[in-house]
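# Chain and residue survey
So you can see what is in the structure, the chains are spelled out below.
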Amino acid sequence: MMSGIRADLTPQDIPHILVMAVAGLALPGTAPSVRARYVALLFDSLDPANATPLPALSSGEGDLHAAVGGVSPGRPTDG
């Protein structure tokens, strides 16, 4: 059972966590047991009880928009 959220988690981390969750849970053909395991791992990573310190980010490295700005959904090509 979680006793709280790890103290080194920042508001800038939340969008990254959500992207990881969506990527892991939205894979076609993923069995419910795999999804349940992934969600358990995700929540355990937020638990401060056994957390190791997060590596520091250099200035500008936490910008999710910049990281995925060039990614767009696949579209069929004409021709």
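Here, residues in each chain are numbered from 1, in the same order as that chain's written sequence. Local features in this predicted model are restricted to residues of pLDDT 70 or higher, and side-chain atom pairs are both shown and tallied only at a pLDDT of 80 or more, whereas totals for entire chains, interfaces and linings draw on every residue. Hydrogens and waters are ignored; side-chain quantities use all the structure's heavy atoms.

## Topic: the packing of helix α1 (residues 13–25) against helix α2 (residues 32–46)
For the pair α1 and α2, the least separation of the axes is 10 Å and the interaxial angle reads 165°. Regarding the angle of α1 to α2, the classification is roughly antiparallel. Crossing of α1 against α2: the hand is right-handed. Contacts from Ile17, Met20, Ala21, Gly24 and Leu25 in α1 reach Arg35, Tyr38, Val39, Leu42 and Leu46 in α2. Residues were grouped as follows: Ala, Val, Leu, Ile, Met, Phe, Trp, Tyr, Cys and Pro as nonpolar; Asp, Glu, Lys and Arg as charged; and all remaining residues, including Gly, as polar. In terms of residue class, the contact of α1 with α2 is built from eight nonpolar, one polar and one charged. Axis geometry follows a simple rule: fit a line to the C-alpha atoms, using only the stretch in contact for helices, then measure angles between N-to-C directions, giving values from 0 to 180 degrees. Counting from the N terminus, the helices are DSSP H or I runs at least four residues long and the strands are E runs at least two residues long. Small angles under 35 degrees read as roughly parallel and large ones over 145 as roughly antiparallel, with 65 to 115 read as roughly perpendicular and the rest as oblique. We call a crossing left-handed when the near helix sits turned anticlockwise from the far one by less than a right angle, and right-handed when that turn is clockwise. Contacts are residue-level and defined by heavy atoms, with any inter-residue pair within 4.5 Å sufficient.

## Notes on the pattern of salt bridges
Any Lys or Arg side-chain nitrogen found within 4 Å of a carboxyl oxygen on Asp or Glu counts as a salt bridge. Evaluated as defined, the whole model comprises one salt bridge. In this structure, the salt-bridge partner of Asp8 is Arg6, at a minimum N-O distance of 2.6 Å. When a residue's accessible area, from a 1.4 Å probe over protein chains only, is under 20% of the maximum for its type it is buried; when over 50% it is exposed; and in between it is partly exposed. Among the residues examined, Arg6 registers a relative accessible area of 10% and is labelled buried.

## Quick notes on α1
By this rule the span expected of a helix is its residue count minus one, scaled by 1.5 Å. If you check α1, its first and last C-alpha atoms are 18 Å apart, about what 13 residues at 1.5 Å a residue would give, namely 18 Å. Looking at α1, one finds that the buried residues are Asp13, Ile17, Ala21 and Gly24. The arc that holds every buried residue of α1, seen down its axis, measures 70°, which confines them to one face. For α1, exposure combined with an orientation more than 90 degrees from the buried face picks out Leu18 and Val22. What the arc covers is the set of directions going from the helix axis to the C-beta atoms.

## So, the layout of surface pockets
Estimated volume of the second largest pocket: approximately 160 Å³. For the second largest pocket, the full set of lining residues is Asp8, Thr10, Gln12, Asp13, Leu54, Pro55, Ala56 and Leu57. Here the lining of the second largest pocket is built from residues that sort into four nonpolar, two polar and two charged. We place a 1 Å grid over just the protein atoms. Points where a 1.4 Å probe fits but has no way out form a cavity, open points with protein on both sides within 12 Å along at least 5 of 7 lines form a pocket, and any residue with an atom within 4 Å of a point lines it. Grid points are joined across faces, edges and corners, and a volume is the space filled by probe spheres set on the points.

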